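# Per-entry structural report
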Amino acid sequence: MKKVVLCASVLSAVAIGYSLHTLTAQAETIDSKATVTAIAGTDPVDPVDPTNPENPGTNPGEEGNNTGQDGSLQINYVSNLLFGENVKLTGKTVQAGIKNTATPYFQVSDLRGTGAGWNLKTSLSDFTNTAGKTIKGASIAFTSGVVRTPNTAKDNGATTTDITLQAGPTAAPQSLLKANAGTGRGTWLVAYDKADQTENKKIMFSAPTESIDTQTMYTANLTWQLEDGPTSN
């Protein structure tokens, strides 16, 4: 009987050892592939929240234009500039900040996937009233704009500069927002945040007093163009 018991114990030990060896054997690996190829986007990009671009934008009403522009290089949104209806005349120069209730901003999207860079430029027409009279020497200054993006890579994108647009048909367009080669992919905007709840002095109207009539509204157009590749101005 002892021999039978001993033989059984030995066989059990052998069986256990074989089972452990089977569990620790290395499995053979095989690779498969995942591929993707992109093409340039063309669908219109919606405006975003200028203070937090990861959120969608809201209906701008009279304060802005959702352009609906398509193509691989788009202007998505431009704010209208509302300088108010109670701008007081002074002895020499009239100045007024915008009275927009929402944050004014200007948004573009580069869906080309090439990193070629781009340049958002604008020019200003004459301020003209319904009688056809213009304000001589008028200008609009943009200062302290903040560049924002919903992109993950926020440090490889567009830049802005302070500009002053002179009103009139002969003034050359100026660059407000641009991306150098290798930057600016996706959606980018420049915003002009209000410092308080009154006027926003980051966008200022200025003109000599002597050519402005009271009790009449003057209107000017800002013409925007988005160029392929940045330029020096």
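Residues numbered from 1 in each chain as written. Predicted model: local features only at pLDDT ≥ 70, side-chain atom pairs only at ≥ 80, totals over all residues. Heavy atoms only, no water.

Moving on: the sheet that holds strand S11 (residues 186-191). Read from one edge to the other, the open sheet built from five strands follows the order S1-S2-S4-S11-S7, with strand pairing classed as antiparallel. The outermost strands of the open sheet, each flanked by one partner alone, are strand S1 (64-66) and strand S7 (146-148). Between one strand and the next, the sheet's axes are offset by a mean angle of 20 degrees, whatever the strand orientation. With three bridges joining them, S1 and strand S2 (residues 73-79) adopt antiparallel strand pairing. Bridge pairing links Gly-64 to Ser-79 in S2. (Pairing = 2+ DSSP bridges. Helix = DSSP H or I, 4+ residues; strand = E, 2+ residues; numbered from the N terminus. Axes fitted to C-alpha atoms, helices over the stretch in contact; angles between N-to-C directions.)

A few words now on the confidence of the model for the protein chain. Chain-level pLDDT for the protein chain is 88 on average; 88% of the residues reach the 70-or-more range. Every residue in residues 1-21 scores below 50 in pLDDT, and together they form zero contacts with partners more than four places removed in sequence or on other chains. (pLDDT = per-residue confidence, 0-100. Contact = heavy atoms within 4.5 Å.)

In this structure the tally under the stated criterion is seven aromatic pairs. Ring centres 5.1 Å apart and planes at 70 degrees place the aromatic pair Phe-127 and Phe-205 in the edge-to-face group. Of this pair, Phe-127 sits in the loop between strand S5 (118-124) and strand S6 (139-142) while Phe-205 sits in strand S12 (residues 200-208), and the two are 78 residues apart along the sequence. Classification of Phe-127 as buried rests on a relative accessible area of 8%. Classification of Phe-205 by relative accessible area gives buried; the value is 8%. (Phe/Tyr/Trp six-rings, centres within 6.5 Å; stacked < 30°, edge-to-face > 60°. Buried < 20%, exposed > 50% of the residue type's maximum accessible area, 1.4 Å probe, protein only.)

In this section: the sheet that holds S5. The four strands are arranged S8-S10-S5-S13 in an open sheet whose pairing can be described as antiparallel. Either end of the sheet is taken by a strand with one partner, and the two such strands are strand S8 (159-160) and strand S13 (222-228).

Once that is clear, we can look at the layout of surface pockets. Estimates place the volume of the largest pocket at around 1000 Å³. In terms of lining residues, the largest pocket is bounded by 31 residues, among which Phe-83, Gly-84, Met-217, Tyr-218 and Thr-219 are the most central. Where the lining of the largest pocket is concerned, the elements lending two or more residues are S2 and S13. In the lining of the largest pocket, the residues fall into 17 nonpolar, ten polar and four charged. Space inside the second largest pocket adds up to approximately 190 Å³. (1 Å grid on protein atoms, 1.4 Å probe; cavity = no way out; pocket = protein on both sides within 12 Å on 5 of 7 lines; lining within 4 Å. Points joined across faces, edges and corners; volume = space filled by probe spheres on them. Nonpolar A, V, L, I, M, F, W, Y, C, P; charged D, E, K, R; others polar.)

Here we take up the nonpolar core. Ranked by size, the top nonpolar core spans 34 residues in total, and within it Phe-106, Trp-118, Phe-127 and Phe-142 carry the most contacts. Among the nonpolar cores identified, the runner-up in size contains five residues, and Tyr-77, Tyr-105, Leu-189 and Ala-191 belong to it. (Core = buried A, V, L, I, M, F, W, Y, C linked by side-chain atoms within 4.5 Å.)

Okay, the side chain of Arg-112 next. Within the element layout of this structure, Arg-112 appears in the loop between strand S4 (105-110) and S5. Look at Arg-112 and you get buried, because its relative accessible area is 15%. Setting aside anything within four residues of it in sequence, one finds Arg-112 in contact with Ala-40, Ser-72, Leu-73, Gly-117, Trp-118 and Asp-228.

Right, let's talk about the side chain of Ser-139 for a bit. Mapped onto the elements of the fold, Ser-139 is located in strand S6. Judged by its relative accessible area of 10%, Ser-139 is buried. The residues touching Ser-139, leaving out its near neighbours within four places in the chain, are Leu-124, Thr-164, Leu-165, Gln-166, Ala-167, Met-204, Phe-205 and Ser-206.

Turning our attention to unusual backbone geometry. Of note, Ser-144 is a non-glycine position whose phi angle comes to about 60 degrees, a positive value. Structurally, the position occupied by Ser-144 is in the loop between S6 and S7. Unusually for a residue other than glycine, Gln-215 sits at a positive phi of about 55 degrees. Checked against the element boundaries, Gln-215 lands in the loop between S12 and S13. Residue Gln-215 is classed as exposed on the basis of its relative accessible area of 82%.

It is worth spelling out the pairing of strand S9 (residues 163-166) at this point. In S9, alternate side chains face the same way, and those of Ile-163 and Leu-165 are buried while those of Thr-164 and Gln-166 on the opposite face are not. The pairing of S6 with S9 spans four bridges and is classified as antiparallel. Note that in S9 the partner of Phe-142 across the bridge is Ile-163.

Next up on the list: the pattern of salt bridges. Applying the stated criterion across every chain yields a total of seven salt bridges. Ionic pairing is found between Arg-112 and Asp-228, a salt bridge with its closest N-O pair at 2.6 Å. Residue Arg-112 is found in the loop between S4 and S5, and its partner Asp-228 is found in strand S13; the two are separated by 116 residues along the sequence. Residue classification places Asp-228 among the exposed positions, given a relative accessible area of 56%. Connected through shared salt-bridge partners, Lys-99, Glu-199 and Lys-201 make up one network. (Salt bridge = Lys/Arg side-chain N within 4 Å of Asp/Glu carboxyl O.)

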